[in-house]
Amino acid sequence: MDPQRSPLLEVKGNIELKRPLIKAPSQLPLSGSRLKRRPDQMEDGLEPEKKRTRGLGATTKITTSHPRVPSLTTVPQTQGQTTAQKVSKKTGPRCSTAIATGLKNQKPVPAVPVQKSGSVPPMAGGKKPSKRPAWDLKGQLCDLNAELKRCRERTQTLDQENQQLQDQLRDAQQQVKALGTERTTLEGHLAKVQAQAEQGQQELKNLRACVLELEERLSTQEGLVQELQKKQVELQEERRGLMSQLEEKERRLQTSEAALSSSQAEVASLRQETVAQAALLTEREERLHGLEMERRRLHNQLQELKGNIRVFCRVRPVLPGEPTPPPGLLLFPSGPGGPSDPPTRLSLSRSDERRGTLSGAPAPPTRHDFSFDRVFPPGSGQDEVFEEIAMLVQSALDGYPVCIFAYGQTGSGKTFTMEGGPGGDPQLEGLIPRALRHLFSVAQELSGQGWTYSFVASYVEIYNETVRDLLATGTRKGQGGECEIRRAGPGSEELTVTNARYVPVSCEKEVDALLHLARQNRAVARTAQNERSSRSHSVFQLQISGEHSSRGLQCGAPLSLVDLAGSERLDPGLALGPGERERLRETQAINSSLSTLGLVIMALSNKESHVPYRNSKLTYLLQNSLGGSAKMLMFVNISPLEENVSESLNSLRFASKVNQCVIGTAQANRK
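Residues numbered from 1 in each chain as written. Predicted model: local features only at pLDDT ≥ 70, side-chain atom pairs only at ≥ 80, totals over all residues. Heavy atoms only, no water.

Asker: Just checking my understanding: could you explain the overall build of the chain for this structure?
Answerer: Looking only at helices and strands, the chain has 12 helices and 16 strands in total. The buried share among the 671 residues of the chain stands at 35%. (Helix = DSSP H or I, 4+ residues; strand = E, 2+ residues; numbered from the N terminus. Buried < 20%, exposed > 50% of the residue type's maximum accessible area, 1.4 Å probe, protein only.)

This is the structure we're talking about:
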């Protein structure tokens, strides 16, 4: 055999050598319905005929019908072709060709002659057997048995042939399966070859594209080379020009180097001068720092000489619609230096109609004289008032706690003094906005000396011994029970109000917004002396923190600006309704806290071991601003009206007691 012969041709030759057989459907001759029964069933079937014969008493002819059985025929050629077509669909065109060739060479199976049912087998000698009579049932049964035996022999022969055909079909199927496997392998090889061919075509196409692209680039590069050659010629011309310029520059450079050497000498001398100036500047800075410390010391000493507890008296002007006070009700005697000195004394005249002389004439009015650190007549403006306390406010930047009160009867102008008037008029601004503007300005000046300051503001009110946050917004408005006075931390002397807003501020606009919000939240009510009277103590606190990073210095202190609630004496004979009872309770709480404030100041003045700070929420909150390291100033505000003389006299007497107190030397909070 040729070694290069295809495996498909080898399988085709094997199929041609072998003789495949196609399994034909089995068609066995069947004698009739009686042959399907067993012998006992056949006898049961003959019994009715016997009974009928006996009954009639005569011999009756019994006929037995045998159904025709289809005879065995040869397998037609078309059936083999159909089988080959079915196999070709499964195995492919090559295998179907081999199977068709095998079927052509296959010889047809010889037909088996089948005898018709009911016929008698031929007798020996070629004569037909005689027909048995109808009464010879036994003979007929023997004939049937003989025919059954022949049929069984035929069936056995056909089964053997069928088995042979099945074996041949099995061999053919195995060959078809082998051919299918080989076909799958060849198809895989063919697919690989086709893929390689396609890949080669694609690579060839890509190479052709690359060749075209390279040709285009080559043409472009040739154009660029020509341009570069032109530029080269131009650059050579330019180079010649630059060479001439370079020679000129070198000559100039030599001249510049000579000038540079002289300049370096000058720079050396200037550096020496700079070092000397830096040393002088350092010395000046040290001297400036020393002068600043000396200024703070002298400033504090000046404030101490004026008194760590100072009392200013301010008389408000008569408002439109109010009666004019009688002459001589309030007098402002001149100072020791004459009318040019600021007034420090006040005389209040009081007439008592219940007193009289022996002649029946009214008694002369009683005059009460008071002396304070400064007295502001009704014509004094807000700027004049703040000018007197500006130096005290600046002490807070130096690290000293500062506290300023506005005390007096209701309607005497305390809120106007602290916060200012309505309308946003700059001339009517109170102490709070002016003090913060002054602090911001001084802090900006001190930043040139290395100091940096930060300011944090809070604003609360104490109403009926309940602390409320005046800067609360939204749903927290009026929830005073949530605010409590607590220590800032374990072992800390600093006090803080829980649940209160502490707002960092750095400009006047932010302070104005806080004051506007606080005015809306503060508790006010109508009283006998004022249509809109403040019924709570408002406490504006500004925590100041300063640091000098280069020298490692730190200072911090609070500035407290307090607008005390208006006070009124209680009339025990007055009939009280539900609204008056609420005002009565407010008045009692106000008078109690004011009395506690006086007791605390007296205890500090007398150097008592126990100071009753906790007797009132007001004094407990201001504890660090009332002690020996603090500076205090009280504004006593009085009304110029004659109807308020009694309340004015009580306020002046309380302020006079406070003015006589001395609480010692203040100390700065420095680290």
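Asker: Can you help me understand the nonpolar core in this one?
Answerer: Nonpolar side chains tend to gather and get buried jointly when the protein is soluble and globular. Phe405, Leu626 and Leu652 are the most contacted members of the largest nonpolar core, which totals 51 residues. A total of seven residues in this core trace back to one element, the largest contributor, which is helix H10 (residues 578-605). Contacts of Leu652, omitting those with residues within four sequence positions, involve Cys313, Leu346, Leu348, Phe370, Phe372, Val636 and Ile638. (Core = buried A, V, L, I, M, F, W, Y, C linked by side-chain atoms within 4.5 Å. Contact = heavy atoms within 4.5 Å.)

Asker: What is the right way to read helix H6 (residues 382-394) from this model?
Answerer: Quick reminder: α-helices carry 3.6 residues per turn. Residues three or four places apart thus point the same way. When the terminal C-alpha atoms of H6 are compared, their 18 Å separation across 13 residues agrees well with the 18 Å that a helix rising 1.5 Å per residue should span. In H6, a bend of some 40° at Glu388 exceeds every other bend along the element. (Expected span 1.5 Å × (residues − 1). Bend = angle between axes of the 7 residues up to and from the residue.)

Asker: Please explain helix H8 (residues 431-446) as it appears in this structure.
Answerer: Compared with an ideal rise of 1.5 Å per residue, which puts 16 residues at 22 Å, H8 spans 22 Å between its outermost C-alpha atoms and is within 8% of the ideal. Of the residues making up H8, those classed as buried are Leu431, Ile432, Pro433, Arg434, Ala435, Leu436, Leu439, Phe440, Val442, Ala443 and Leu446.

Asker: Please clarify how the pattern of salt bridges should be interpreted in this entry.
Answerer: Where charged atoms from two side chains of opposite charge come close, those side chains can pair. One pass over the full model with this rule turns up 13 salt bridges. Close ionic contact of Glu322 with Arg316 constitutes a salt bridge, the shortest N to O distance being 3.1 Å. For Glu322, a relative accessible area of 23% translates into the label partly exposed. A salt bridge links Glu508 to Arg437; the shortest N-O distance between them is 3.0 Å. Of this pair, Glu508 sits in helix H9 (residues 508-521) while Arg437 sits in helix H8, placing them 71 residues apart in sequence. Accessibility expressed as a relative area gives 35% for Glu508, which makes it partly exposed. A relative accessible area of 28% means that Arg437 is categorised as partly exposed. (Salt bridge = Lys/Arg side-chain N within 4 Å of Asp/Glu carboxyl O.)

Asker: Is there a simple way to think about the packing of aromatic side chains in this case?
Answerer: Centre distance and the angle of the planes are the two values used to describe a pair of aromatic rings. Applying the stated criterion across every chain yields a total of eight aromatic pairs. Relative to Phe635, the ring of Phe312 has its centre 5.6 Å away and its plane inclined at 80°; by these criteria the two rings are edge-to-face. Linking Phe312 in strand E1 (residues 309-315) with Phe635 in strand E16 (residues 631-638), this pair joins segments that are 323 residues apart in sequence. There is no split in this pair, since Phe312 and Phe635 are both buried. (Phe/Tyr/Trp six-rings, centres within 6.5 Å; stacked < 30°, edge-to-face > 60°.)

Asker: What is the right way to look at the packing of H6 against H8 in this model?
Answerer: Running from amino to carboxyl end, H6 crosses H8 at an angle of 50°, the nearest separation of the two axes being 10 Å. Classified by the angle between their axes, H6 and H8 sit oblique to one another. Of the two elements, H6 crosses H8, and the hand of that crossing is right-handed. Within the contact between the two elements, H6 uses Gln382, Asp383, Val385, Phe386, Ile389, Ala390, Val393 and Gln394 and H8 uses Leu431, Arg434, Ala435, His438, Leu439 and Val442. By residue class, the composition of the contact of H6 with H8 is nine nonpolar, three polar and two charged. (Axes fitted to C-alpha atoms, helices over the stretch in contact; angles between N-to-C directions. Parallel < 35°, antiparallel > 145°, perpendicular 65-115°, else oblique. Left-handed = near helix turned anticlockwise from the far one by under 90°. Nonpolar A, V, L, I, M, F, W, Y, C, P; charged D, E, K, R; others polar.)

Geometry only, nothing functional implied.
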